[in-house]
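Notes for the structure review
Okay, here's what each chain looks like letter by letter:
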Amino acid sequence: MNLEAQPIEDSQLVERVIRIGGHQIELLHPRDSESLIDQHAFEQDELLPYWAELWPSGLQLAHALTQRRLSHMRIVELGCGLGLPSLIAAAEGAHVLATDWSAAALALLQRNAARNRVRLQTMQVSWASPRALIELAPFDLVLAADVCYERRNVALLLDLMPRLATESLLADPRRSFTDAFLEQAPRFWCAQTSEREGVAIHRLLRHRS
Ligand SMILES: C[S@@+](CC[C@H](N)C(=O)[O-])C[C@H]1O[C@@H](n2cnc3c(N)ncnc32)[C@H](O)[C@@H]1O
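No experiment lies behind these values; they were computed from the predicted model shown. (Residues numbered from 1 in each chain as written. Predicted model: local features only at pLDDT ≥ 70, side-chain atom pairs only at ≥ 80, totals over all residues.)

1. Notes on the overall build of the protein chain
- Per the secondary structure count, the protein chain includes seven helices and nine strands.
- Considering the protein chain as a whole, with its 209 residues, one finds that 43% of them fall into the buried category. (Helix = DSSP H or I, 4+ residues; strand = E, 2+ residues; numbered from the N terminus. Buried ≥ 20, exposed ≤ 12 C-beta atoms within 10 Å, placed from the backbone.)

2. Structural notes on the site of the ligand
- Surveying the vicinity of the ligand reveals 23 residues, the closest of which are Trp51, Gly58, Gly79, Gly81 and Ala145.
- Taken together, the residues that form the shell around the ligand break down as 14 nonpolar, seven polar and two charged. (Near = placed C-beta within 6 Å. Nonpolar A, V, L, I, M, F, W, Y, C, P; charged D, E, K, R; others polar.)

3. Observations concerning helix H3 (residues 84–91)
- The element H3 is largely enclosed, with a buried count of eight among its eight residues.
- For H3, the complete set of buried residues consists of Leu84, Pro85, Ser86, Leu87, Ile88, Ala89, Ala90 and Ala91.
- Two residues or fewer after H3 comes glycine 93, characterised by a positive phi angle close to 100°.

4. Considering the pairing of strand E1 (residues 13–20)
- Little of E1 sits out of view: just zero of its eight residues are buried.
- The pairing of E1 with strand E2 (residues 23–30) spans eight bridges and is classified as antiparallel. Paired with valine 14 across the two strands is histidine 29, which belongs to E2. (Pairing = 2+ DSSP bridges.)

5. Digging into the pairing of strand E5 (residues 121–124)
- Of the strand pairs in this sheet, strand E4 (residues 95–100) and E5 are connected by four bridges, and their pairing is parallel. Bridge pairing in E5 links leucine 97 to glutamine 121.
- The parallel pair E4 and E5 is bridged by helix H4 (residues 103–115), and the resulting crossover is right-handed. (Right-handed = clockwise from strand over helix to strand, strands pointing away.)

6. Quick word on the environment of alanine 62
- Following the sequence through the fold, alanine 62 ends up in helix H2 (residues 56–65).
- Among the residues examined, alanine 62 registers 26 C-beta atoms within 10 Å and is labelled buried.
- When the C-alpha positions of alanine 62 and glycine 21 are compared, they lie 9.2 Å apart, and in sequence the two are 41 residues distant.
- Not counting the four nearest positions on each side in its chain, alanine 62 is found in contact with Ile20, Leu84, Pro85 and Ile88. (Contact = placed C-beta atoms within 7 Å.)

7. Things to note about the sheet that holds E4
- Strand order in the open sheet made by the seven strands is E5-E4-E3-E6-E7-E9-E8, with mixed pairing throughout. Of all the strands in the sheet, the pair left with one neighbour each is E5 and strand E8 (189–196). Neighbour to neighbour, the strand axes of the sheet diverge by 20° on average, direction disregarded.
- Relative to strand E7 (residues 167–172), strand E6 (residues 141–145) is paired through four bridges, and the arrangement is parallel. Bridge pairing links alanine 144 to leucine 170 in E7.
- Of the strands in this sheet, E4 and E5 are in contact with H4, which crosses E5 at around 175°. (Axes fitted to C-alpha atoms, helices over the stretch in contact; angles between N-to-C directions.)

Next comes the structure, spelled out in structure tokens:
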């Protein structure tokens, strides 16, 4: 697992103000994600600090969430990165558990939650060893934005997501491995897709067994 235990220093952070629905989120994020590359982690596991950017999928998933009633739902976000969907869901009254394998991402998300006066939980989880997370299931909803960007993610997520909830929202900028994910998904899911600003939002419902 990518431990990245060092929190980001203040001098590396900049603020972006994002308005979504009726919410205004002041999001601290690293100024330059490439400066965070850990050579050792990259050589060992090809790990890059993808968590440190707000990807279009995270932004569009956050927008899509404001179209739903989320109050009191138990929601888990996978690969949250900066965690904008988690912040919006928490601001809408959901009980949110935001997860990522990057400890630095989770530390910054807790800071952003406090900064925006919302409460959420975080948990360091790798999709390859998710037992502790599965023990907390069932959730009402799984959120995942831009997580199908590597081949190795597909089988892990296909296995994990149906174990967590009967419904998932997967936001995706049409990454090449998403097709593989969706082709195999009908074994577990029936998908509906909408589009926002070039990002597909797949609503995945687990078949009743
Ligand atoms: C492309 S980024 C997307 C971040 C965020 N969801 C967004 O849309 O802005 C992918 C995220 O997945 C996380 N991630 C990648 N592989 C993972 C794994 N095997 N287990 C847990 N998290 C992982 C990364 O740390 C990163 O935060």
